[in-house]
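A structural walkthrough
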Amino acid sequence: MPKVVVDVMPKPEILDPQGKAVLGALPRLGFSGVTDVRQGKRFELELTGEVTDDVLEQVRQMAETLLSNPVIENFEVSVEPTA
Amino acid sequence: MRVGVVTFPGSLDDVDAQRAVRVGGHEAVALWHGDHDLRGVDAVVLPGGFSYGDYLRCGAISRFAPVMSEVVDAAGRGMPVLGICNGFQILCESHLLPGALIRNDHRKFVCRDQRLRVENNQTPWTSSYAERAEVTIVLKNGEGGFVADEETLDRIEGEGQVVARYLDDNPNGSLRDIAGITNDRGNVVGLMPHPEHAVEALTGAGTDGLGFFTSLAAHTFA
């Protein structure tokens, strides 16, 4: 079953309070050397049939209309190699 | 006037909003998220809460509820629409209002009596207020930080689309202390504080929120 992945990230200029919370927690747990954390979302879409350009275009439309909010987020679409 | 209040799965403040509509002198009409029907109302309130569990993003699923396509069409024809808190988030996700609302910058849920200044008293929801009126209205949100790009912020400031601004402390990191905005046409208003909880002296800090519900009549019949 082919899988298409949509990664959604807050735009660089948008504050990411969740990422900041994770960044703050890391040193308290003894992890050092991390200077920034941004938290996003990953969607794994299982598809029927072949992943054609049309299908990828459809996935991009899904990402634009529902999976992301283009006002505050960017997204990337990638195809997961089948095992 | 007949004022519809939409109930989504996870709405919390729909009954309070209905009550505020009645206290404001109107007939409250319950609307259901799953219906393609506004039941002939003259205005619509999208209430606060956690519609669809705030899954994905606040308001992101509600935007596609059947009733919302009717609300978007009606708003396009000039019907007054007020979104409070989660309702504001839904209006932004629906692109009826510019910008978006993100998690509070301090990451905590905030619940308090909030001082505000009404910056635009020309909308159908704010015409009862004096120019630059300062009011206290309860605020309760976890994701109330209003954000938009600089160009959009400059535009809405320039066009008088900022409806209310936080005074004293900014409670959630909203850019330029913005608490509420309106669209180009001025009929759609989104507001993070909860005027429907500030309409009776018995409960809450006072009755400063009542103006949002009495404005409708003043505006329409002026």
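To be clear, the structure that these remarks concern was listed above.
Analysis parameters
- Residues numbered from 1 in each chain as written.
- Chains lettered and ligands numbered in written order.
- Predicted model: local features only at pLDDT ≥ 70, side-chain atom pairs only at ≥ 80, totals over all residues.
- Helix = DSSP H or I, 4+ residues; strand = E, 2+ residues; numbered from the N terminus.
- Rg over C-alpha atoms; globule rule 2.2 N^0.38 Å.
- Buried ≥ 20, exposed ≤ 12 C-beta atoms within 10 Å, placed from the backbone.
- Contact = placed C-beta atoms within 7 Å.
- Pairing = 2+ DSSP bridges.
- Axes fitted to C-alpha atoms, helices over the stretch in contact; angles between N-to-C directions.
- Nonpolar A, V, L, I, M, F, W, Y, C, P; charged D, E, K, R; others polar.
- Right-handed = clockwise from strand over helix to strand, strands pointing away.
- Arc of directions from axis to C-beta.
- Core = buried A, V, L, I, M, F, W, Y, C linked by C-beta atoms within 7 Å.

1. As for the overall build of chain A
- Across its full length, chain A holds 2 helices and 3 strands.
- The order of α-helices and β-strands along chain A, N terminus first, is β-α-β-α-β.
- Taking 12 Å as the expected radius of gyration for a compact globule of 83 residues, we find that chain A reaches 16 Å, considerably beyond that expectation.
- Seen through its principal axes, chain A has C-alpha atoms that stretch 45 × 35 × 15 Å.
- Residue burial in chain A is summarised as follows: out of 83 residues, 12% are buried.
- Across chain A, contacts joining residues at least 24 apart in sequence account for 69% of those joining residues at least 6 apart.

2. As for the overall build of chain B
- Scanning chain B from N- to C-terminus turns up 5 helices and 11 strands.
- The dimensions of chain B, computed from C-alpha atoms along their principal axes, are 40 × 40 × 35 Å.
- Taken over 222 residues, chain B has a buried fraction of 57%.
- Nonlocal contacts in chain B, meaning residues at least 24 apart in sequence, comprise 75% of its contacts between residues at least 6 apart.

3. Notes on the sheet that holds strand 2 (residues 27-32) of chain B
All names here are of chain B.
- Taken together, the 9 strands give an open sheet; going across it, the order is 2-1-3-4-11-10-9-6-7, and neighbouring strands pair in mixed fashion. Edge positions in the sheet fall to strand 2 and strand 7 (134-141), since each of these pairs with one other strand and no more. Direction aside, neighbouring strands of the sheet carry axes that sit 25° apart on average.
- Examined bridge by bridge, strand 4 (residues 81-84) and strand 11 (residues 188-191) share 4 bridges and lie parallel to one another.

4. With respect to the interface of chain A and chain B
- Across the boundary between the two partners, chain A contributes 9 residues, which contact 12 residues of chain B.
- A breakdown of the residues in the side of chain A that touches chain B according to their chemical character gives 7 nonpolar, 2 polar and no charged.

5. Some details on the pairing of strand 2 of chain B
Residues and elements named next belong to chain B.
- The pairing of strand 1 (residues 2-7) with strand 2 spans 6 bridges and is parallel. Residue pairing for strand 2: V6 is matched across the bridge by L31.
- One crossover worth recording links strand 1 to the parallel strand 2 by way of helix 1 (residues 14-23), and it is right-handed.

6. Focus on the sheet that holds strand 2 (residues 41-46) of chain A
Residue and element names in this part refer to chain A.
- Within the open sheet, the 3 strands sit side by side as 2-1-3. Their pairing is antiparallel. Bordering the open sheet on either side are strand 2 and strand 3 (73-80), each of which pairs with just one other strand. Adjacent strand axes in the sheet meet at a mean angle of 20° when their direction is disregarded.
- Pairing geometry for strand 1 (residues 3-10) and strand 2, over 6 bridges, is antiparallel.

7. A few points about helix 1 of chain B
- Taken together, the buried positions of helix 1 of chain B are D14, A17, Q18, A20 and V21 of chain B. Taken end-on, helix 1 of chain B shows its buried residues confined to a sector of 160°, consistent with a single buried face.

8. Details of unusual backbone geometry
Residue and element names in this part refer to chain B.
- With phi around 70°, R107 is a residue other than glycine that occupies positive phi space.
- With respect to the helices, strands and loops of the structure, R107 is situated in the loop between strand 5 (100-102) and strand 6 (110-118).
- Given 13 C-beta atoms within a 10 Å radius, R107 is considered partly exposed.
- For D177, which is not a glycine, the phi torsion comes out positive at approximately 60°.
- With respect to the element layout, D177 can be found in the loop between strand 9 (162-166) and strand 10 (178-182).

9. What to know about the nonpolar core
- Residues V3, V44 and V45 of chain B are the most contacted members of the largest nonpolar core, which totals 69 residues.
- Tallying contributions element by element places helix 2 (residues 66-76) of chain B first for this core, with 5 residues.
- In contact with V45 of chain B, other than residues within four places in its own chain, are V3, V5, A17, V21, L82, I84 and G87 of chain B.
- Of all hydrophobic cores here, the second largest spans 5 residues; its members include V59, A63, L67 and F75 of chain A.

10. Description of the pairing of strand 6 of chain B
All names here are of chain B.
- Summarising the sheet, strand 6 and strand 7 pair through 8 bridges and their orientation is antiparallel. Bridging across to strand 7, R115 finds its partner in T136.
- In this structure, strand 6 lies alongside strand 9, joined through 3 bridges in antiparallel fashion. Along strand 9, the bridge assignment pairs V118 with A164.

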